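Chain by chain, the residues:
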Amino acid sequence: MSDPTASHERATAPRPGRRRFPVRSVPGAVVLLAVLATVALVAATARLPFPLTALTPPPSTVVAARNGQPLRLFLASDESWRFPVRLSGVAPILPQLVLAAEDRHFRRHPGVNPLALLRAAAANLRAGRVVSGGSTITMQLARLARPRERSLAAKYDEALAALALERRLSKDAILERYLNMAPYGGNIVGVGAASMLYFGKTPDRLSLAEAALLTVLPRSPLRLDPIRHPEAAQAARDRLLAGLARRGVITPEAAREASGTPVPRVLARQPFTAPHFCQMARGLAGSGATRIDTTLDPAAQKTATDILRSRARWLAGQGIGSVAAVVLDPGTREVRAMVGGTGWFGDARSGQINGAVIRRSPGSALKPFLYAMAMDQGTLFPQSLLLDIPTGFAGYSPKNYDGLYRGRVNADQALIASLNVPAVRLLAEIGPDPFLQLLRRGGLATLDRPAAHYGLSLILGGGEVTLLDLTNLYADLAAGGLHRPVAILAGGASGRGERLFSAEAASLVTEILTRVERPDLPTSWERALAVPAVAWKTGTSFGHRDAWAVGFSAGHVIGVWVGNMDATPIAGISGAVHAGPILFELFRALEPHGSRSTAATGLNIGDIEVCAESRQLPGPGCTRRVTATIIPGRTRLGPCPVHRQMLVDAATGEGLTADCLAGREAATVAVADYPAELVSWWRSVGIPFESPPPPAPGCLGTAGDGPRIVSPSPATGYAIRPGIPPEFQQIALSADAPAAVRRLSWYVDGQLAAQGAPGERLFWQPTPGAHRLVVADDQGRSHAVTVRVE
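For clarity, every value in this text was computed on a predicted model and none was experimentally measured. (Residues numbered from 1 in each chain as written. Predicted model: local features only at pLDDT ≥ 70, side-chain atom pairs only at ≥ 80, totals over all residues. Heavy atoms only, no water.)

Quick notes on the overall build of the protein
What counts, and what does not: Put simply, DSSP marks the helices as runs of H or I at least four residues long and the strands as runs of E at least two long, and each gets a number from the N terminus on. Buried means the residue's accessible area, taken with a 1.4 Å probe over protein chains only, is under 20% of the maximum for its type, while exposed means over 50%, and partly exposed covers the values in between. In this description, contact between two residues means that some pair of their heavy atoms is separated by no more than 4.5 Å. Accessible surface is estimated by sampling points in the Shrake-Rupley manner with a 1.4 Å probe; for residues, cover comes only from the protein chains shown.
The secondary structure content of the protein amounts to 22 helices and 25 strands. Counting over 790 residues, the protein shows a buried share of 52%. Considering only intrachain contacts with a sequence separation of at least 6, the fraction spanning at least 24 residues in the protein is 67%. A total accessible area of about 35300 Å² is found for the protein, and carbon and sulfur atoms account for 55% of it.

The structure is reproduced here in structure tokens:
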């Protein structure tokens with residue numbers, strides 16, 4: 001590169017009042033010595049190594065959207081802006097001007113131009129100071145690769161290095177590297193960065209005026225910085241244009257037009273779209289990537305960002321500081337939009353935390369996957385009856401969000417209403433470990449503790465997930481049960497998927513979730529025009545810290561999280577109230593013409609008639625029947641366990657058994673025998689129910705399950721507290737008993753402790769030690785437990 005004080009005109013055009021120093025005035029011997037010196041240098045560098053790695057400094061990074069639009073720029077590791085480009089990616093006018101101004105014999109010399117060196121030496125002698133360097137493009141490249149203070153020794157080393165470079169690289173390769181390493185002011189290095197930051201464009205679109213400015217700027221990047229010294233920069237550019245016009249490199253008309261173009265006075269605004277997403281993409285691509293092409297859709301990203309920024313103000317008024325959203329393509333799993341937060345610069349503490357990938361409790365958002373798993377195991381279908389009654393599991397007693405119980409509830413209604421107790425009972429039946437393994441196969445890698453750590457609370461948000469992973473798990477339902485990983489980088493979509501659920505189970509659960517009441521149109525949304533059909537679910541975490549809403553349509557899978565980044569609780573936070581409206585605003589904006597889910601074809605789904613009371617295969621006693629939707633060959637149905645035939649005394653209606661038929665006229669009747677724990681709850685709340693007749697006097701009773709002790713529990717530790725009156729430390733005696741049972745007797749260590757009807761409030765005054773408790777019904781059936789009192 002020429003010395004900072006040198007100008008193009010000094011080398012190419014005379015000025016008034018200054019006589020150009022003619023080369024022919026130099027003695028012929030000096031010219032000969034220069035040529036011989038060049039030959040000697042060539043010979044000296046025949047085997048001189050030059051580290052080409054010095055010509056590839058660390059690049060900056062451009063993260064680009066799926067359409068190629070830059071999203072965000074990242075500095076190189078040395079804090080420079082540097083975007084390497086190929087020579088073919090530069091507008092031809094720039095290398096043309098660079099060679100014309102800096103090294104017109106570039107294509108012919110071996111790296112060193114002895115005549116240029118002599119001309120520069122003569123000019124420097126006449127001026128009494130350094131006014132010209134005589135360096136070729138190759139020598140300038142060598143100096144850029146290994147900067148040193150200006151001296152004759154340094155110039156000699158540059159010449160040696162230039163000759164070595166010419167022996168290893170082509171002329172185009174040298175010119176390309178020069179353009180990528182030339183300084184353009186501040187920390188802007190190379191034409192790729194200069195074009196983007198000064199003009200907001202790629203270097204293949206440079207105009208003559210822009211190329212001229214980039215030609216002169218490396219001569220003195222500080223003095224000619226167009227942002228700090230626009231007049232000096234424009235004057236230097238215009239002098240270059242005038243000189244090139246005089247030499248015929250460009251036309252005078254083109255020079256005049258280019259000179260009328262102002263130089264940039266501010267740097268072009270850098271792209272800064274989806275900063276959280278771009279940071280994540282850069283981490284996935286690894287260091288050293290010059291360009292990272294991603295799956296992001298700029299239009300979808302802008303829509304999501306605008307909506308979340310608007311909603312952030314609404315949420316802030318309710319004490320909720322953060323909101324994040326993810327939009328996926330249900331087929332490819334490509335991320336179309338990711339808003340990790342709305343306050344990148346505004347919130348100094350947490351603005352740069354990506355809310356889409358932080359670990360948080362999902363609340364009830366995992367329930368659909370448990371239901372789908374149960375359907376595939378054959379134990380559940382939408383019309384199955386689940387028990388929603390007070391239930392204890394070794395000290396863990398789940399409760400519904402509204403604090404109410406419904407007794408028996410259809411599985412589809414339990415999922416629609418997001419009832420906790422039926423879900424926990426279902427998980428207890430399936431087992432936490434198999435369910436945890438399924439969730440991990442579905443990409444919830446943050447559930448990294450053993451199943452015993454989560455226990456049954458897993459289904460209510462006892463673990464932690466990320467919004468991105470959870471949204472992708474819902475995409476598995478949208479894809480008919482096939483799991484694929486999320487794709488963030490272009491070309492990263494997985495062709496094959498792993499099946500988590502059958503297509504039938506996924507379809508049945510999707511149909512249920514489509515019936516969840518939506519905030520935009522609570523009723524009859526199907527009749528509205530331009531409204532997308534959405535299957536969705538909400539979740540509210542333990543401690544009221546997080547609210548979720550995740551759903552999918554035919555075209556998008558969207559997840560929304562709201563909460564505080566520092567996990568501060570928010571009174572009254574709810575997925576349905578705070579996240580749900582944002583979810584549907586996103587769907588309506590991204591699908592303005594609406595959509596309807598495409599019905600899957602070829603599914604093995606059929607209808608069958610079942611008993612209304614048990615939802616199993618009806619028997620003779622099943623007078624009421626309903627239609628159930630099942631997966632033939634997978635759904636397991638057995639004989640109705642509620643209705644059975646029973647012998648009764650024709651005169652009294654009392655129950656008979658084989659041992660007491662003599663002397664009585666017997667009749668056969670159908671009776672209903674409901675689960676004992678359901679009967680106990682009915683009794684406790686005063687709900688009437690049909691029960692089998694009591695046994696006739698003298699009969700031993702009927703076969704079947706007897707009572708089951710609920711309290712005290714052998715899994716619970718009991719302790720007597722000193723200083724508290726004994727009457728306030730009694731333990732309730734409670735047992736589930738069949739409907740036909742009229743009386744229960746309680747025994748402690750072989751001694752009768754209490755008697756009463758099922759559901760009657762009975763208590764035991766404990767004493768320290770181990771105690772065996774037995775409950776017996778009026779038909780002789782019993783159940784025993786051992787408890788310890790400290």
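Observations concerning helix H16 (residues 420-430)
With nine of eleven residues buried, H16 is to be regarded as a mostly interior element. For H16, every residue scored as buried is listed here: Asn-420, Val-421, Pro-422, Ala-423, Val-424, Arg-425, Leu-426, Leu-427 and Ile-430. As for H16, its buried residues are in contact with helix H14 (367-377), strand S8 (385-388), strand S9 (407-410), helix H15 (411-416), helix H17 (432-441) and helix H22 (676-685). One or two positions beyond H16, positive phi appears at Gly-431, with a value near 105°.

Re the sheet that holds strand S12 (residues 535-540)
Test applied: At least two bridges found by DSSP between two strands are what make those strands a pair. Think of each axis as a best-fit line through the C-alpha atoms, taken over the contacting stretch in the case of a helix, with angles from 0 to 180 degrees between the N-to-C directions.
The five strands lie next to each other as S7-S6-S14-S13-S12, forming an open sheet whose pairing is antiparallel. Because the sheet does not close on itself, it has two edges, and the strands there are strand S7 (335-339) and S12. The sheet shows a mean angle of 10° between the axes of neighbouring strands, direction not considered. Sheet analysis places strand S6 (residues 322-328) next to strand S14 (residues 557-563), joined by seven bridges and oriented antiparallel. Residue pairing in the sheet places Val-326 in a bridge with Gly-559 of S14. Together, S6, S7, S12, strand S13 (546-552) and S14 form the strand contacts of helix H19 (residues 467-478), whose direction differs from that of S14 by roughly 150°.

Regarding the packing of H14 against H16
Let me state the cut-off plainly: Roughly parallel means an angle under 35 degrees; roughly antiparallel means over 145; roughly perpendicular covers 65 to 115; every other angle is labelled oblique. Two helices that cross are described as forming a left-handed crossing if the nearer one is turned anticlockwise from the farther one by less than a right angle, and a right-handed crossing if clockwise. Ten residues, namely Ala, Val, Leu, Ile, Met, Phe, Trp, Tyr, Cys and Pro, are considered nonpolar, four, namely Asp, Glu, Lys and Arg, are considered charged, and the remaining ones, Gly among them, are considered polar.
Interaxial distance between H14 and H16 falls to 10 Å at its minimum, and their mutual angle equals 45°. On the basis of their axis angle, the class for H14 and H16 is oblique. Both H14 and H16 take part in a crossing whose hand is left-handed. Packed against H14, whose contacting residues are Lys-367, Leu-370, Tyr-371, Met-373, Ala-374 and Gln-377, the element H16 presents Asn-420, Pro-422, Ala-423, Leu-426, Leu-427 and Ile-430 at the interface. Looking at the contact of H14 with H16 residue by residue, the class counts come to nine nonpolar, two polar and one charged.

A short note on the confidence of the model for the protein
The cut-off we apply is this: Each residue carries a pLDDT score, the predictor's confidence in it, ranging from 0 to 100.
For the protein, per-residue confidence averages 88 on the pLDDT scale, and residues scoring 70 or more make up 90% of the total. Here residues 1-33 scores under 50 on pLDDT; set against residues more than four positions off or in separate chains, the count is 56 contacts.

Side note on the packing of helix H9 (residues 208-216) against helix H10 (residues 230-246)
Axis angle and axis distance: for two packed helices, these are the angle between their axes and the distance between the axes, and together they describe the pair. The N-to-C vectors of H9 and H10 enclose an angle of 105°; their axes lie 9 Å apart at closest approach. Taken together, H9 and H10 sit at an angle that is classed as roughly perpendicular. Contacts from Leu-208, Ala-209, Ala-212, Leu-213, Thr-215 and Val-216 in H9 reach Ala-233, Ala-236, Arg-237, Leu-240 and Leu-241 in H10. Taken together, the residues of the contact of H9 with H10 sort by class into nine nonpolar, one polar and one charged.

Some thoughts on the sheet that holds strand S21 (residues 744-748)
Spatially, four strands are ordered S22-S21-S24-S25 in an open sheet, and the strand pairing comes out antiparallel. Whereas interior strands pair on both sides, the edge strands pair on one side only; in this sheet they are strand S22 (751-756) and strand S25 (782-789). With strand direction ignored, the average angle separating the axes of adjacent strands in the sheet is 20°. As paired strands, S21 and strand S24 (residues 769-777) are joined by five bridges and run antiparallel to one another. Its bridge partner being in S24, Tyr-747 is matched across the sheet by Val-774.

Some details on the environment of Thr-202
Just so we agree on the cut-off: Here a polar contact is taken to be a pair of N or O atoms separated by no more than 3.5 Å, where protein atoms must pair a possible hydrogen donor with a possible acceptor and residues adjacent in sequence count only if both atoms sit in side chains.
Relative to the helices and strands, Thr-202 resides in the loop between helix H8 (190-199) and H9. As a C-alpha pair, Thr-202 and Phe-83 span 119 residues in sequence and 9.9 Å in three-dimensional space. For Thr-202, the side chain forms a polar contact with the side chain of Asp-204, separated by 2.3 Å.

A look at the pattern of salt bridges
The cut-off we apply is this: Whenever Lys or Arg places a side-chain nitrogen within 4 Å of a carboxyl oxygen from Asp or Glu, that contact is recorded as a salt bridge.
Enumeration over the complete set of coordinates arrives at 32 salt bridges. Between Asp-388 and Arg-406 there is a salt bridge, with the nearest N and O atoms lying 3.6 Å from each other. Taken together, the residues span a long stretch of sequence, with Asp-388 in strand S8 and Arg-406 in the loop between S8 and S9 at a distance of 18 residues. Exposure remark for Asp-388: the relative accessible area of 0% places this residue in the buried category. Taking relative accessible area as the criterion, Arg-406 reaches 35% and is therefore assigned partly exposed. Here the salt bridges do not stand alone but share partners, grouping Asp-329, Glu-334 and Arg-336 into one network.

Some points on unusual backbone geometry
Omega for the bond connecting Ser-711 with Pro-712 falls within 30 degrees of zero, at 5°, which places this linkage in the cis form. Tracing the backbone shows Pro-712 in the loop between strand S19 (708-711) and strand S20 (731-736). Phi angles above zero are rare outside glycine, and His-544 is one such case at about 55°. Locating His-544 in the fold gives a position in the loop between S12 and S13. Positive phi values are uncommon outside glycine, yet Arg-615 reaches one of about 60°. By the secondary structure assignment, Arg-615 is in the loop between strand S15 (606-611) and strand S16 (625-630).

Focus on the packing of aromatic side chains
For clarity, the threshold we go by: Whether two aromatic rings pair depends on their centres lying within 6.5 Å, for rings of Phe, Tyr and Trp, where Trp uses its six-membered ring; planes under 30 degrees apart make the pair stacked, over 60 edge-to-face, and the rest tilted. Two thresholds decide whether a charge sits over a ring: the Lys NZ or Arg CZ must be within 6 Å of the ring centre and within 35 degrees of the ring normal.
Per the counting criterion, the structure on display carries ten aromatic pairs. Aromatic side chains Trp-81 and Phe-83 sit 6.1 Å apart centroid to centroid with 25° between the ring planes, which places their arrangement in the stacked category. Ring plane angle 50° and centroid distance 6.3 Å describe the contact between Phe-584 and Phe-587, whose orientation is recorded as tilted. With Phe-584 and Phe-587 both in helix H21 (residues 575-590) and three residues apart, the pair spans about one turn of that helix. Judged by its relative accessible area of 2%, Phe-584 falls in the buried class. Residue Phe-587 is classed as buried on the basis of its relative accessible area of 0%. Over the aromatic face of Phe-106 sits the side chain of Lys-171, whose NZ or CZ is 4.6 Å from the ring centroid.

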